[in-house]
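Structural description and commentary
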Amino acid sequence: MPARDDKSTIYVDHKETQAPSASQSEEKREQPPTPPPAPSEPEQIPQCTPAAVNRNADPNHTQAHLDFWRNLDRETVDKYRTDWQNFIQKGAPGKPELQGRGVVFVAGNQDTFQRALASVKMLRHYGCQLPVEVWHLHDEPASNDTAKTLNDLDAMLHDLSEPHLARPIQHRRDAEKQFQIKAAAIINSNFEELLYLDSDNIPTRDPSFLFESPTFIATGALFWPDFWKTHTENRIFDILDVPCNDEWEQESGQMVIDKTRSWLPLQLAWYMQEHSDLYFQLLNGDKDTFKFAWKALGLPYHMTETFLGMGGVELDKFCGHTMLQYADEDDQPVFAHGNLMKIFDQSDFMEVQSDQEGFRERPWRLIKRYSHSKKETNLTPSFYVSPRGRPCMDYIWRVGQPNIQVDEFDSVLAGFQDAYFENDGLGGEIH
């Protein structure tokens, strides 16, 4: 049984002896006296090996596309590489007149508009004064009531089909999810520096400080990690002519981008999303098109070093349905991205209220994360489907890995759940 060391934190029992983390082993040391050893190389991301990488590859994406990767011949790979290189050589469209900082969302149907609206309200709840843009496809406008509420919150609606835009979208993919609109919304935004948020991504505090972080100032692009790594047989490495590294994929539900410095890689991300018939068989949706665009063009970005945590509930066992993303500057979540939460039933989250009759929705009971995770690649996230048919994430501990820590959600993010539902947030689906 796990042992509690206070009322809010559980440390899962593991052996005390652990292998040193990558960050510990790579700390700089003073040069020894002459004769020196062979000079150490600058800190680099480890090259990938199948044993280290493929155990962390997304099993569903791999199973669906492994045969496709293996059947791509050299001639076809060379053609795909030449195609994107020719696209870049033709040059990018002119930048719109860019001004200031702001937050960008994309939304469409009633559900995504309501979730985006709740996130805008949470920004205002935490005192964030940044202006907001919400982009949508032409055939998915907001209702009049939603449009008015957004306008009252200094959140402006924008139609992606307007012909004057740098990257207008006047057609939709033949698919349920329109991943291709993300890069277009960022490119078409009027902001010079922006925080992009998915509609189901909820700020847990004012995120304005991210624009002042040293890593963003240094690179102009701030990204966050995902649970998975890119499989070593994925031909994206050959097509983009980039090395395979033992590193986490990108979770693009939040990004901080300086468009002036990032204009060209944004075009390549847009290109990959526009050619989704190919690139979404390589990359799992839009998420890694951004990181790989920066890689292909050799441009700097910063991947947040703190690995993500999970917010969730106990069903038959722990079920993580929300990605918790951190800032490197402290140990508190900045974003709660409910990527799986929205496909749960509301009934999964109901609890009896102690102070009055009735029930209330409580999607977040626990936070599960590694006790230290900066720069760690030896971790084991795991996806499973619960006996109730719910999609869940969990962490598995293996020898040599950091301990797994479980906290009561409300002790870490006090008042967050109450504020979210007071601001018309959505949890699970209502049936």
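The following refers to the structure shown.

Scoring rules and cut-offs
- Residues numbered from 1 in each chain as written.
- Predicted model: local features only at pLDDT ≥ 70, side-chain atom pairs only at ≥ 80, totals over all residues.
- Heavy atoms only, no water.
- Axes fitted to C-alpha atoms, helices over the stretch in contact; angles between N-to-C directions.
- Helix = DSSP H or I, 4+ residues; strand = E, 2+ residues; numbered from the N terminus.
- Parallel < 35°, antiparallel > 145°, perpendicular 65-115°, else oblique.
- Left-handed = near helix turned anticlockwise from the far one by under 90°.
- Contact = heavy atoms within 4.5 Å.
- Nonpolar A, V, L, I, M, F, W, Y, C, P; charged D, E, K, R; others polar.
- 1 Å grid on protein atoms, 1.4 Å probe; cavity = no way out; pocket = protein on both sides within 12 Å on 5 of 7 lines; lining within 4 Å.
- Points joined across faces, edges and corners; volume = space filled by probe spheres on them.
- Pairing = 2+ DSSP bridges.
- Salt bridge = Lys/Arg side-chain N within 4 Å of Asp/Glu carboxyl O.
- Buried < 20%, exposed > 50% of the residue type's maximum accessible area, 1.4 Å probe, protein only.
- Core = buried A, V, L, I, M, F, W, Y, C linked by side-chain atoms within 4.5 Å.
- Disulfide = S-S within 2.5 Å.

Attention now moves to the packing of helix H7 (residues 181–188) against helix H10 (residues 259–274). Contact geometry of H7 with H10 gives a least axis separation of 9 Å together with a crossing angle of 155°. Taken as axis vectors, H7 and H10 run roughly antiparallel relative to one another. Of the two elements, H7 crosses H10, and the hand of that crossing is left-handed. Across the interface between the two elements, Ile181, Lys182, Ala183, Ala184, Ile186, Ile187 and Asn188 from H7 touch Lys259, Trp263, Leu266, Gln267, Ala269, Trp270 and Gln273 from H10. Taken together, the residues that form the contact of H7 with H10 break down as nine nonpolar, three polar and two charged.

Turning to empty space enclosed by the protein, a few remarks are in order. With the rule as written, the count across this model stands at four cavities of 30 Å³ or more. A volume near 60 Å³ is recorded for the largest cavity. What lines the largest cavity is simply Ala57, Asp58, His61, Thr62, Trp69, Lys229, Thr230, His231, Asn234, Glu249 and Asn284. Broken down by element, the lining of the largest cavity gets its largest block of residues, three residues, from helix H3 (residues 59–71). Residue composition of the lining of the largest cavity, grouped by class: two nonpolar, six polar and three charged.

On the basis of which strands lie adjacent, the open sheet formed by seven strands has the order S5-S4-S3-S6-S11-S8-S12 and mixed pairing. Looking at the sheet topology across the chains shown, the edges are occupied by strand S5 (155–159) and strand S12 (302–303). Bridge count between strand S3 (residues 101–106) and strand S4 (residues 132–136): four bridges; the pairing is parallel. The residue bridging Val103 from the neighbouring strand is Val132, located in S4.

This part covers the pattern of salt bridges. Charged atoms that come close allow side chains of opposite charge to pair. Under the defined criterion, the tally for this structure stands at 27 salt bridges. In this structure, Arg205 and Asp330 form a salt bridge, with 2.8 Å as the shortest nitrogen-oxygen distance. In this pair, Arg205 sits in the loop between strand S7 (201–203) and helix H8 (214–219) while Asp330 sits in the loop between strand S14 (318–326) and strand S15 (333–337), placing the two residues 125 residues apart along the sequence. With a relative accessible area of 30%, Asp330 lands in the partly exposed category. One continuous salt-bridge network, built from bridges that share partners, spans Glu247, Asp288, Lys291 and Lys295.

Below, the discussion takes up the nonpolar core. Membership of the largest hydrophobic core comes to 53 residues, with the highest contact counts inside it found for Trp84, Leu240, Met272, Tyr279, Phe290 and Trp294. Not counting the four nearest positions on each side in its chain, Met272 is found in contact with Leu240, Tyr279, Phe280, Leu283, Thr289, Phe292 and Ala293. Within the second largest apolar cluster, 38 residues are counted, among which are Trp228, Phe344, Cys392 and Tyr395.

Moving on to the state of the cysteines. What we call a disulfide is simply a covalent bond connecting the sulfur atoms of a pair of cysteines. All told, the structure shown has two disulfides when counted by the stated rule. In this model, Cys319 is linked to Cys392 through a disulfide, with the two sulfur atoms separated by 2.1 Å. Looking down the S-S bond of the Cys319 and Cys392 bridge, the torsion is -90°, so its handedness is left-handed. Taken together, the positions of Cys319 in strand S14 and Cys392 in strand S20 (residues 391–395) put the pair 73 residues apart, joining distant regions of the chain. The exposure class assigned to Cys319 is buried, which follows from its relative accessible area of 0%. Residue Cys392 is classed as buried on the basis of its relative accessible area, which comes to 0%. Listing the disulfide partners of the protein chain by sequence rank of the bonded cysteines yields 1-2, 3-4.

Note that every value here comes from positions in space, so none of it alone points to a role or purpose.
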